[in-house]
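Below are the chains, spelled out letter by letter.
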Amino acid sequence: MVGRRRPASAVPGRAALEVSPLPGRSGIRARGEISALTSRSWEQALSELARRHAGVSYVELSDVAFVDVAGVTALAVTAMNLPDGRVVVENPPPQVPRVLEMFWPGLDRIEVAL
């Protein structure tokens, strides 16, 4: 298939993740995708979330198209390492609750709000 161009979304290195603070409450809002290409930004955002954690932190994922297993792992590890409280994950892509249930059943530090 010489001469055929791949769509921009299929070009390696084009994945993007944008993370911003949630207005009016403790937490972050992510947009884009969480994968090997964006893992550094995701892990930095979760570190900042943990540093500012005060009882309940929110992670709003309604604008995230995909989260790989490593991204869910980073979220679970962050929640497990909090001194107290929990992380509420709002509107995640369908694979997030599935992966959490598969690898961390009964993890009470994460609440998924669909």
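Conventions used here
- Residues numbered from 1 in each chain as written.
- Predicted model: local features only at pLDDT ≥ 70, side-chain atom pairs only at ≥ 80, totals over all residues.
- Heavy atoms only, no water.
- Helix = DSSP H or I, 4+ residues; strand = E, 2+ residues; numbered from the N terminus.
- Buried < 20%, exposed > 50% of the residue type's maximum accessible area, 1.4 Å probe, protein only.
- Contact = heavy atoms within 4.5 Å.
- Axes fitted to C-alpha atoms, helices over the stretch in contact; angles between N-to-C directions.
- Parallel < 35°, antiparallel > 145°, perpendicular 65-115°, else oblique.
- Left-handed = near helix turned anticlockwise from the far one by under 90°.
- Nonpolar A, V, L, I, M, F, W, Y, C, P; charged D, E, K, R; others polar.
- Pairing = 2+ DSSP bridges.

### With respect to the overall build of the protein
At step 1: Of regular secondary structure, the protein possesses three helices and five strands.
At step 2: Going from N to C terminus, the protein has its helices and strands arranged as β-β-α-β-α-β-α-β.
At step 3: Here the protein, with 114 residues, has 36% of them falling under the buried criterion.
At step 4: A sequence separation of at least 24 residues applies to 63% of the contacts in the protein between residues at least 6 apart.

### Section: the packing of helix 1 (residues 39-52) against helix 2 (residues 69-80)
At step 1: One way to put it is that helix 1 packs onto helix 2 with a least axis distance of 10 Å and a crossing angle of 15°. As summarised for this structure, helix 1 and helix 2 are arranged roughly parallel, according to the angle between their axes. The handedness of the crossing between helix 1 and helix 2 comes out as right-handed. Across the interface between the two elements, Trp42, Glu43, Leu46 and Ala50 from helix 1 touch Gly71, Ala74, Leu75 and Thr78 from helix 2.
At step 2: A class-by-class count of the residues in the contact of helix 1 with helix 2 yields five nonpolar, two polar and one charged.

### Some words on the pairing of strand 1 (residues 17-21)
At step 1: Inspection of the sheet shows strand 1 paired to strand 2 (residues 27-34) by five bridges, in the antiparallel sense. Opposite Glu18, over in strand 2, you have Arg31 as the bridge partner.
At step 2: Here strand 1 folds back onto strand 2 in antiparallel fashion, the turn holding five residues, of which Gly24 has a positive phi close to 85°.

### Observations regarding the sheet that holds strand 1
At step 1: Spatial ordering of the open sheet is given by 1-2-3-4-5, a layout of five strands whose pairing is mixed. The open sheet has two free edges, formed respectively by strand 1 and strand 5 (110-113), since each of these has just one partner strand. The average undirected angle you get between the axes of adjacent strands in this sheet is 20°.
At step 2: In this sheet, strand 3 (residues 56-67) lies alongside strand 2 in parallel orientation, the contact comprising seven bridges. Its bridge partner lying in strand 3, Gly32 is registered against Val64.
At step 3: Lying on the sheet, helix 2 is in contact with strand 2, strand 3, strand 4 (86-90) and strand 5; it crosses strand 3 at an angle near 180°.
At step 4: Of the strands in this sheet, strand 3 and strand 5 are in contact with helix 3 (residues 95-103), which crosses strand 3 at around 115°.

### Notes on the side chain of Glu90
At step 1: Mapped onto the fold, Glu90 is located in strand 4.
At step 2: Apart from the residues within four sequence positions on either side, Glu90 is in contact with Arg25, Tyr58, Val59, Glu60, Leu61, Ser62 and Ala113.

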